[in-house]
Amino acid sequence: MALDTQEMEKRSMKFLVIQTAFPGDVILTLPLIQETKKLFPHCSINVVVIPACANILENHPDVSEIISYDKKKNDSGIFGFVRMLSSLRKKNFDVALIPHRSLRSALLAYFSFIPKRIGFDTSVGKSLFTNIIRYDKNIHEVERNLCLLSPFGFQAKEKIFPSLFPSDNDKQVVENIIAQNKTSSTEKIISVAPGSVWNTKRWLKENFISLSKKIIKEHYSVFIVGGKNDEQLCEEIKTKTNSEKIVNSAGKLSLLQSAEIIRRSSVLICNDSAPMHLAVAMKTPVVSIWGATIPEFGFAPFGENDSVFEMKKLSCRPCGIHGGNVCPIETFDCMKMITPEIVFDKVKQTINRISS
């Protein structure tokens, strides 16, 4: 069902975007938010996210309000759901854009009495939408999300990147970390993000240690980035690298502060994880290492100088959509066969390319 864009713009529409998945998913939803604002300059856009993702949206000029939905703790269960509904109903939204494909997200839009509800045909609650959009598995997630604007006649004509906006305070925090670790503001940095929610998406710890040592020998500082869950892993990498040129910021910074460190880096080396998407948003080249998952799922970095390492000829890949805690066939060849030497060569090639 096509929607009348001109008529909607006259009425200063109120949009609700529901994306209660992981940080990487929220970052990949930003182009949808940004293009909605371009299409309807006078609209307001409120975004429902889990608390862990709220920081991503802070300071974003296209986001009118961040609505935190703590669906696993404070807002869990039917009573939390009803509280959230009560809050959303009062805001009288005109359109819900629902990239998240859970039944709960569809129910939130439906029982908030939002008249236009646009979501994917892979959603468990697709029958609750007024406009059902085909989820195209052959394109990037950013492009898929932008398809939610197709009822308004929107078609992306170029690559659209997410944008993040660290505050002045975020930038100062990063400056202080650099100063405290005796790294001058002009010294080049390479960021490393060794963590992931899923074990089978993590390159080996020993390989990150070996790679960090190689980087430091080339007179770079290594900044490790990650969340609270990555702290122990990152501290082991720092300890075993055994150099004052390696700084562990995992668990100490917000997502936007981590994004600011990545922005100041020559390259980010990472797994298929949220920091990869932070780097794309900050226009820092990515060297990413993939195991259980594959780029064809639509979540790969897509900057001009971004690279993906994977063992393409392994018949066991992919072993899951998100990865898992253990290798199903107990070999973990997808990660073990990618050596620090191969990755280091690609890092040097990337730096030389962007420097020339």
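One can find the structure itself at the top, above this paragraph.
Calculation notes
The numbering scheme is per chain: residues are counted from 1 as the chain's sequence reads. This being a predicted model, a pLDDT of at least 70 is required before a residue's local features are given, and a value of 80 or more before pairs of side-chain atoms are given or counted; all residues contribute to the totals for chains, interfaces and linings. Processing note: side-chain calculations cover all non-hydrogen atoms of the structure and skip hydrogens and water entirely. The rule for pairing is simple: two strands pair if DSSP sees at least two bridges between them. Secondary structure counts use DSSP, requiring at least four H or I residues in a row for a helix and at least two E residues in a row for a strand, with both numbered from the N terminus. Structural elements are reduced to axes, namely lines fitted to C-alpha atoms, with helices fitted over the stretch in contact, and the angle between N-to-C directions of any two is expressed from 0 to 180 degrees. Computed over the protein atoms alone on a 1 Å grid, cavities are sets of points where a 1.4 Å probe fits but cannot get out and pockets are open sets with protein on both sides within 12 Å along at least five of seven lines; a residue lines them when it has an atom within 4 Å of a point. Grid points are joined across faces, edges and corners, and a volume is the space filled by probe spheres set on the points. Note on exposure labels: buried denotes an accessible area under 20% of the residue type's maximum, exposed denotes more than 50%, and partly exposed covers the range between, all computed with a 1.4 Å probe on protein chains only. We define a polar contact as two N or O atoms separated by no more than 3.5 Å, with the added condition that, inside protein, one atom must be a possible hydrogen donor and the other a possible acceptor, whereas residues neighbouring each other in sequence contribute only through side-chain atom pairs. Contact criterion: two residues are considered in contact whenever any of their non-hydrogen atoms come within 4.5 Å of each other. Only residues whose relative accessible area exceeds 30% and that form no salt bridge enter a patch; like-charged residues are grouped when within 9 Å of one another, and nonpolar side chains (Val, Leu, Ile, Met, Phe, Trp, Tyr) when within 5 Å. Each accessible area value is a Shrake-Rupley result obtained with a 1.4 Å probe; residue values ignore everything except the protein chains displayed when judging cover. We define a salt bridge as a contact between a side-chain nitrogen of Lys or Arg and a carboxyl oxygen of Asp or Glu at a distance within 4 Å.

Explanation requested: the sheet that holds strand E11 (residues 286-289) in the structure shown.
The strands making up a sheet are joined through hydrogen bonds of the backbone, oriented either antiparallel or parallel. In spatial order, the strands read E9-E8-E7-E10-E11-E12; together these 6 strands make up an open sheet with parallel pairing. Since the sheet does not close on itself, it has two edges, and those belong to strand E9 (246-248) and strand E12 (307-309), each with one partner. Each strand axis lies, on average, 20° off the axis of its neighbour in the sheet, ignoring direction. In the sheet, strand E8 (residues 221-224) pairs with E9 via 3 bridges, with the strands oriented parallel.

I tried to follow the sheet that holds strand E2 (residues 44-49) on my own but got confused; where do I start?
If you trace the 6 strands from one edge of the open sheet to the other, you get E3-E2-E1-E4-E5-E6, paired in parallel fashion. Pairing within the sheet leaves two strands with one partner each, and these edge strands are strand E3 (65-68) and strand E6 (131-133). Between one strand axis and the next, the sheet turns through 20° on average, direction left out of account. Bridging between strand E5 (residues 116-120) and E6 involves 3 bridges; their strand directions are parallel. Bridge pairing in E6 links Gly119 to Ile132.

Please explain the layout of surface pockets as it appears in this structure.
Over the atoms rolls a probe the size of a water molecule, and in doing so it shows where empty space is left. Estimated volume of the second largest pocket: approximately 330 Å³. Val142, Glu143, Leu146, Ala156 and Glu158 are, among the 16 residues lining the second largest pocket, the residues nearest its centre.

Even after reading the chapter, I still don't get the side chain of Thr29, so can you show me in this structure?
Tracing the sequence through the fold places Thr29 in the loop between helix H2 (23-27) and helix H3 (30-39). Here Thr29 falls in the buried class, since its relative accessible area comes to 1%. A polar contact is formed between the side chain of Thr29 and the backbone oxygen of Asp25, at a distance of 2.8 Å. If near-sequence neighbours (up to four positions away) are discounted, Thr29 is found in contact with Val17, Gln19, Pro99 and Asn145.

Looking at this model, I keep getting lost on a nonpolar patch on the surface. Mind explaining?
Taken together, the side chains of Ile78, Phe79 and Val82 make up a nonpolar region of the molecular surface, amounting to roughly 340 Å² of accessible area. Judged by its relative accessible area of 44%, Val82 is partly exposed.

What exactly am I supposed to notice about the environment of Ala300 here?
Here Ala300 is to be found in the loop between E11 and E12. Taking the C-alpha atoms as reference, Ala300 lies 14 Å from Pro318; in sequence the two are 18 residues apart. Contact partners of Ala300, with chain neighbours within four places excluded, come to His140, Trp290, Pro295 and Val308.

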